[in-house]
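Analysis of the macromolecular model
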Amino acid sequence: MVGSLVKMEDRNFSRDTLVLESAEAATFVTLPASGRYFTPFLARERAPAEVARELSVDIGSVTYRVKQMLRLGLIRPTRKVARRGRPIQYYRSVADSVFAPMELTPVSTV
């Protein structure tokens, strides 16, 4: 047999794997332009300013993507650190790994 497809129900995912069910969320994590904003939060806690420095983008770009990822259920707030002015909010992916079913992803990312 040259290749085989594994059905979702046959696949053994770890307890901490998020299986995406929304095409919008699957597209977000698989497209390079948006997925690069998700990767820094995957399985670790980060502040948006740290991610902005790592990606060499402005904080506004990261804040915009953080709002999208929160809406899509990809990340969650973990803690706030008090400081003068606004507290620093930290975020982390909701699971340590993510699975985007092929049927939900754009063909260009496969």
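Here's what I pulled together on the structure shown here. (Residues numbered from 1 in each chain as written. Predicted model: local features only at pLDDT ≥ 70, side-chain atom pairs only at ≥ 80, totals over all residues. Heavy atoms only, no water.)

1. Topic: the overall build of the protein
What counts, and what does not: Under the DSSP-based scheme used, a helix requires at least four consecutive residues in state H or I and a strand at least two consecutive residues in state E, with every element numbered from the N terminus. Note on definitions: a residue-residue contact is assigned when non-hydrogen atoms from the two residues lie within 4.5 Å. Surface exposure here means Shrake-Rupley accessible area, sampled with a 1.4 Å probe, where a residue is shielded only by the protein chains that are shown.
Tallying secondary structure elements over the protein gives 4 helices and 4 strands in all. Helices and strands appear in the protein in the N-to-C order β-α-α-α-α-β-β-β. Counted over contacts in the protein with a minimum sequence separation of 6, partners at least 24 positions apart contribute 61%. Here the protein has roughly 7,300 Å² of accessible surface; of this, 53% comes from carbon and sulfur atoms.

2. Things to note about the nonpolar core
Spelled out, the test is: Among the buried residues, those of types Ala, Val, Leu, Ile, Met, Phe, Trp, Tyr and Cys that are joined through side-chain atoms within 4.5 Å form a nonpolar core. Summary of the burial criterion: residues with accessible area below 20% of their type's maximum are buried, those above 50% are exposed, and those between are partly exposed, where the area comes from a 1.4 Å probe applied to protein chains only.
Counting 18 residues, the largest nonpolar core has Phe28, Phe38, Phe41, Val66, Met69, Leu74 and Ile75 as the members making the most contacts within it. Of all the elements in the fold, those that place two or more residues in this core are helix H1 (23-30), helix H2 (32-38), helix H3 (48-55) and helix H4 (59-72). If we skip the residues at most four places from it in the chain, Met69 touches Phe28, Tyr37, Phe38, Phe41, Leu74 and Ile75.

3. A short note on the packing of aromatic side chains
Our working definition: Each aromatic pair joins two rings of Phe, Tyr and Trp (for Trp, the six-membered one) with centres within 6.5 Å, and gets the label stacked for planes under 30 degrees apart, edge-to-face for over 60, and tilted for any other angle. Charge-over-ring placement is defined geometrically: NZ (Lys) or CZ (Arg) within 6 Å of the ring centre, and within 35 degrees of the ring normal.
For the structure shown, the criterion picks out 1 aromatic pair. With centroids separated by 6.4 Å and ring planes inclined at 90 degrees, the aromatic side chains of Phe41 and Tyr91 adopt a geometry described as edge-to-face. Residue Phe41 is located in the loop between H2 and H3, and its partner Tyr91 is located in strand S3 (residues 88-93); the two are separated by 50 residues in the primary sequence. The exposure class of Phe41 is buried, given its relative accessible area of 0%. The ring of Tyr37 carries Arg36 above its face, with NZ or CZ at 5.4 Å from the centroid. Its end group placed over the ring of Tyr90, Arg79 keeps NZ or CZ at 4.2 Å from the ring centre.

Purely geometric stuff here, so don't read any function into it on its own.
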